[in-house]
2 protein chains.
Amino acid sequence: MQNDNILLAQLNPTVADIKNNYNKALEYLKDAKNKNIKLVAYPELFLLGYPPIDIIERYPLIVEENISYLKKFVNQCNNISVLMGFCEFNNSNRGKKYYNSVAYINNGKIEKIMRKSILPNYSEFSEARYFQAAPFKSEDRIIKFNNYRAGVIICEENWNDDTFFEKPMYAFDPVEILVNEQKPDFLINLSASPTRAKKEQLLNNMLSHCAKKYSLPVLYVNQTGSTDCITFCGTSRVYDKNGELIARAKSYKEDFFVIKPYKSAQNIIEPLPNGVEKTLDSPKEFTLDYDWDLERTYLTIISSIKDYFNKNGFKRAVLGLSGGLDSSCCAYLLACALGASNVTGVSMPSKITSIQSKNDAKELAKNLGINFFEIPIKEMTEASNDTFNNIFEQITNVWSQYRYKEPLTFDNIQARSRAMILWGISNEFSSTIPIATSDKSELYMGYATINGDMSGGFAPICDVTKTKLFALARWMNKNADIKNAIPREVLIKPPGAELAINPKTGRPLLAEEALMPYEFLDEVIWRLENLQQKADDMLNEKFLYEKTHNLSISQKKIWLEKFAHRVQFAQFKWSIMPPGPIVDSHSIVRAEYVQPITSKLKF
Amino acid sequence: MQNDNILLAQLNPTVADIKNNYNKALEYLKDAKNKNIKLVAYPELFLLGYPPIDIIERYPLIVEENISYLKKFVNQCNNISVLMGFCEFNNSNRGKKYYNSVAYINNGKIEKIMRKSILPNYSEFSEARYFQAAPFKSEDRIIKFNNYRAGVIICEENWNDDTFFEKPMYAFDPVEILVNEQKPDFLINLSASPTRAKKEQLLNNMLSHCAKKYSLPVLYVNQTGSTDCITFCGTSRVYDKNGELIARAKSYKEDFFVIKPYKSAQNIIEPLPNGVEKTLDSPKEFTLDYDWDLERTYLTIISSIKDYFNKNGFKRAVLGLSGGLDSSCCAYLLACALGASNVTGVSMPSKITSIQSKNDAKELAKNLGINFFEIPIKEMTEASNDTFNNIFEQITNVWSQYRYKEPLTFDNIQARSRAMILWGISNEFSSTIPIATSDKSELYMGYATINGDMSGGFAPICDVTKTKLFALARWMNKNADIKNAIPREVLIKPPGAELAINPKTGRPLLAEEALMPYEFLDEVIWRLENLQQKADDMLNEKFLYEKTHNLSISQKKIWLEKFAHRVQFAQFKWSIMPPGPIVDSHSIVRAEYVQPITSKLKF
């Protein structure tokens, strides 16, 4: 009987760590030899690691190394066939330095090299910076597999079908050309495709559409793990020629995933993160029901923290615990990703901090099992106050007319003293980094202190809006590795920074008093990012908030104007934000989205 | 007599500030009407402003606005012909959202639209993110000018001649096609081309080569001013058909620049920044003689500071003055760019600060005429020390094995207390931002404190290495708007952060003791950035430093390994650096160069 096992090697590479990537590939290859595998398919650019961004521009040695390890690898293949993603020099006399290539190794030698013809260059992708797009030659993309002929597609080449996408981004559709010209028996797509909210909707529907349209099985292998802000969820898979999903690998894990393209029965369909299936047919609208995305969000952030720490040699995290939602969620995620003993939470109360907040912080830490200490910042803020008053009086001699009547200076001293303590701990204890706890809603509003809560080596929730974070907190209490860690009080009290007293209420100023209701704010963000709507459009659209609240058009306008004004100024703050995981369908994480600080926002 | 005046409108737009850009264009148009101009050529994408980066992705309203202002502008043109750069929607059913286009306005209407066919997408350029490259049709690029036919080229389309560049970046050469197919009488290039070290060498030689090769006059109009990290130097120009420069506009200024393509006599050749002419034939090698680049460096940083402040509504700067070279140079540049009264220098001595340093800071401020105040940080650092000791003791209960034997914590408290004071001043006085004073050599080494000297809203010298900064300081003393501001002592004392005592010498630790000689370090950086050399190459090459010092191969190796080790770790710090002007031929400014933090550097 003919052997028809294909291994989709769903692995987690590290960029430029060629030897490590090679060793991972080799381990799977050895296993494959023992397990009667005919063909092993590795993800796109696997030997180099994805995404390289600009590192190969300045360090060509990395590319040389990935070539020499490819040669070593070829010698190990024997009678197993392999599709291996690697980075190739472009030796022709025009074009960019490199190709994003796939080597087809057969009978112990490289039989074919396939070069990516369509290069994603938007959002988190920047392949056109250093790769040359190759002309698509369909004959180069065919490999033999027993009596069948398989057609090979590299990632983005699959994302360009004008019978699926309303407006495909590129001039031609490589899959169409390949199928028409070569009549393959099935397709294999090698990818490095990051996770995003509702991307499963696109990916599944598109691959299924492709299989059905051409009446061909489609195999898809994706990498897993994280590089800085970008996370790959794995979920390699197979569709049969009717577009039915017949096999799917694990999510967010490396997987030794064996499939038989023509025999669905033996194959396993691993579950997606809970709720994601729901998105397959869900419309594009804002909702406060985030159920469909909470496990995916959790797993994405966990992967991101784990790989940022592990791959960079960081081991421990330290963060301020205010008893509020943001820091509680960050602590939760860190404890699950790094292990509770590697996380230290510090409560740093000032005179505005309530007893409730202190208790909430303590209880959270206890529930998580993380290290917890309390240190008042009174001495530091008082010393700063004295010093500040002294220097402000001096400067007032020359800049009196510019002195604010109601400055935020003393509010910020508290946030900055706290960050100073955290960076001090990072200096004092090895491989320990402080965590920036700002969430996406507040970053949009610039409602975060530079060198304060915005400061840290990593920002785990910078792409999670406040209303979603509430949902995530509840979800984690029920479903995370550690259960019920966030105290009930944290989930019900209205968010506030506890940096200032609201003169109108005599109580600490609440965030919604300073900004606008989060439910409204988060829908503005959603509409801007997903529909590119402007204020005038939004004024005319009915918000979810308006279904449960009376909202006058003038109040709505005031909030929209406040949004525009604050976002314009927030650009300046975004430019000095630490990296953090991209989670949502769109983000303001710099790895994905950069607008000039120097610009006049129109909204 | 026929009117043959062409106006190259060398202007400074602001991204997305369409109305302002329109008004600038209109002002020049009105002037042109009074001055017998036949054709006005504006820079590439002028109505939108360059570079938009991602802003048009999320705010299509900006593009709508630039279209409606283009229509308004057409109505103002009457019998003047105009080439106007603008952003156009791509309404076809494939491709990116927009085109980078030029409207040819003639007889009061848009006669032709030309779409850029080659999109730069490397270094500081990211046009392939949102623009569609259009097929190049030579017939669309011809306009009539009296009895002549002019061919229009958009910026990067000119940078692709395989008889000039060893390896052009794109598959075809639009200029060659245009000339061969249409036989124009002269060429006009509309550009938005940033300044870089030795770029004049490339630009001049390439345009001259082009004119000579095709025996055609070449006109080149460039924008001026800065957007965030990128600066455009202007220097619009004309070459005759022999490749001789016959006219050149001012550098780093808006210029109403009238030329007659066929009559050199009336035209003016404005000077380049001093020394830049020297680079036209200079080889690619490292030198400590920076004369050829100092005025350009100065003007680039001045433009960058001015436009970052003016266009963003910032008015004042505050910075720490240590008496060292970095802060002295920053203060100098700020005083020249913003006016001395808008700059406040604060001396913040600690117990390690020498009297000499305090005096140097004071003298510098006096020489510059900036505001100067002194505030000791003793109280703040002592309060921090107490608080830190308290929390460190607590944490040692759980993490004792991770506590460093020789931590940098208390060194950094000084730097962070200072930054805290500066951010406090920024909170207390309106439109005032703190300045990050780190230089390029120290950033490469990660020899800068997060939330300390690395912290600020803008980093003026982040792309100037230390040896070049010494040269710049001397140059500014002689040539800047304010003379002799940097005290002699600052120019001769060896750099040091004055944060710690060197136990070996009993004196404050010098930077070269902690790192390696700057002359050596700066050549390593230069070789890495300009030649992409690896450590092995460098070991075998003779450094400038080795011509004047005995350097054993083992010591050289130690320094190179230290470099590799420190650069790997510095990635983490670069990710949270504020923006600053790109000056050098290559930089680590994030607007130009990003490598994954999560990666294994090979060097």
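The rules behind these values
- Residues numbered from 1 in each chain as written.
- Chains lettered and ligands numbered in written order.
- Predicted model: local features only at pLDDT ≥ 70, side-chain atom pairs only at ≥ 80, totals over all residues.
- Domains from an automatic or database assignment.
- Nonpolar A, V, L, I, M, F, W, Y, C, P; charged D, E, K, R; others polar.
- pLDDT = per-residue confidence, 0-100.
- Least-squares fit on C-alpha atoms with pLDDT ≥ 70 in both.
- Contact = placed C-beta atoms within 7 Å.
- Axes fitted to C-alpha atoms, helices over the stretch in contact; angles between N-to-C directions.
- Helix = DSSP H or I, 4+ residues; strand = E, 2+ residues; numbered from the N terminus.
- Parallel < 35°, antiparallel > 145°, perpendicular 65-115°, else oblique.
- Left-handed = near helix turned anticlockwise from the far one by under 90°.
- Expected span 1.5 Å × (residues − 1).
- Buried ≥ 20, exposed ≤ 12 C-beta atoms within 10 Å, placed from the backbone.
- Core = buried A, V, L, I, M, F, W, Y, C linked by C-beta atoms within 7 Å.
- Pairing = 2+ DSSP bridges.

This part is about the domain arrangement of chain A. All names here are of chain A. You can read the domains of chain A as domain 1 (6–267) and domain 2 (291–574). The straight-line distance from the C-alpha centre of domain 1 to that of domain 2 is 39 Å. Grouping the amino acids of the side of domain 1 that touches domain 2 by side-chain chemistry returns two nonpolar, six polar and one charged.

Low-pLDDT portions of the prediction should not be read for the details of their coordinates. Per-residue confidence for chain A averages 95 on the pLDDT scale, and 99% of its residues sit at or above 70. At the level of chain-chain contacts, confidence expressed as ipTM amounts to 0.96, with global pTM at 0.97.

Take the relation of the copies chain A and chain B next. Between chain A and chain B, the superposition needs a rotation of 180 degrees and an axial shift of 0.0 Å, giving an RMSD of 0.0 Å. The two molecules are tied by a two-fold rotation axis, judged by turn and shift. Residue Ile576(A) of chain A places its C-alpha closer to the rotation axis than any other residue of that unit, at 2.6 Å. Interface overlap between copies: 100% of the residues of chain A at the interface are likewise at the interface in chain B, consistent with a symmetric, same-surface contact.

Turning to the packing of helix α6 (residues 291–312) of chain B against helix α7 (residues 325–338) of chain B, a few remarks are in order. What describes two packed helices is the angle between their axes and the distance between those same axes. All names here are of chain B. The geometry of α6 relative to α7 is characterised by a closest axis approach of 9 Å and an angle of 60 degrees between their N-to-C directions. As the angle between them shows, α6 and α7 are arranged oblique. The way α6 lies across α7 gives a crossing that is right-handed. Judged by residue contacts, Ile301, Ile302, Ile305, Lys306 and Phe309 of α6 engage Leu333, Leu334, Cys336, Ala337 and Leu338 from α7. Considered class by class, the residues forming the contact of α6 with α7 number nine nonpolar, no polar and one charged.

Before going further, it helps to spend a moment on α6(B). An α-helix turns once per 3.6 residues; consequently, residues spaced three or four apart project the same way. End to end, α6(B) covers 32 Å across 22 residues, agreeing with the expected 32 Å (1.5 Å per residue, within 8%). With respect to burial, α6(B) is a largely interior element, 18 of its 22 residues being buried.

Let us now look at the nonpolar core. In terms of nonpolar packing, the biggest core is built from 403 residues, with Met84(A) and Met84(B) touching the most fellow members. Residues within four places of Met84(B) in sequence aside, it is in contact with Tyr42(B), Phe46(B), Leu47(B), Leu70(B), Phe73(B), Val102(B), Ala103(B) and Ile105(B).

Residue and element names in this part refer to chain A. In terms of burial, strand β4 (residues 98–106) is a largely internal element, eight of the nine residues being buried. Strand direction decides the pairing type here: β4 and strand β5 (residues 109–115), joined by six bridges, are antiparallel. When the sheet's bridge partners are listed, Val102 is paired in β5 with Met114. Hairpin remark: β4 followed by β5, antiparallel, with two residues in the connecting loop; positive phi at Asn107, about 50 degrees.

What follows concerns the sheet that holds strand β13 (residues 245–248) of chain B. All names here are of chain B. Spatially, β6-β7-β8-β9-β12-β13 is the arrangement adopted by the six strands of the open sheet, whose pairing is mixed. Whereas interior strands pair on both sides, the edge strands pair on one side only; in this sheet they are β6 (142–145) and β13. Within this sheet the neighbouring strands show an average axis-to-axis angle of 20 degrees, counted without direction. Set on the sheet, helix α4 (residues 174–182) makes contact with β6 and β7 (148–154); between it and β7 the angle comes to about 160 degrees. Across the sheet, helix α5 (residues 199–214) lies against β9 (218–222) and β12 (237–239), angled at about 150 degrees from β9, the strand it touches most.

Note: interface size is frequently given as the accessible area lost on complex formation between the parts. Facing 98 residues of chain A, the contacting portion of chain B comprises 98 residues. Breaking the side of chain A that touches chain B down by element, the ones donating at least two residues are α2 (55–58), α3 (60–77), α6 (291–312), β16 (343–347), β17 (371–374), α9 (378–399), α10 (409–428) and α15 (518–531) of chain A. A total of 14 residues in the side of chain A that touches chain B trace back to one element, the largest contributor, which is α9(A).

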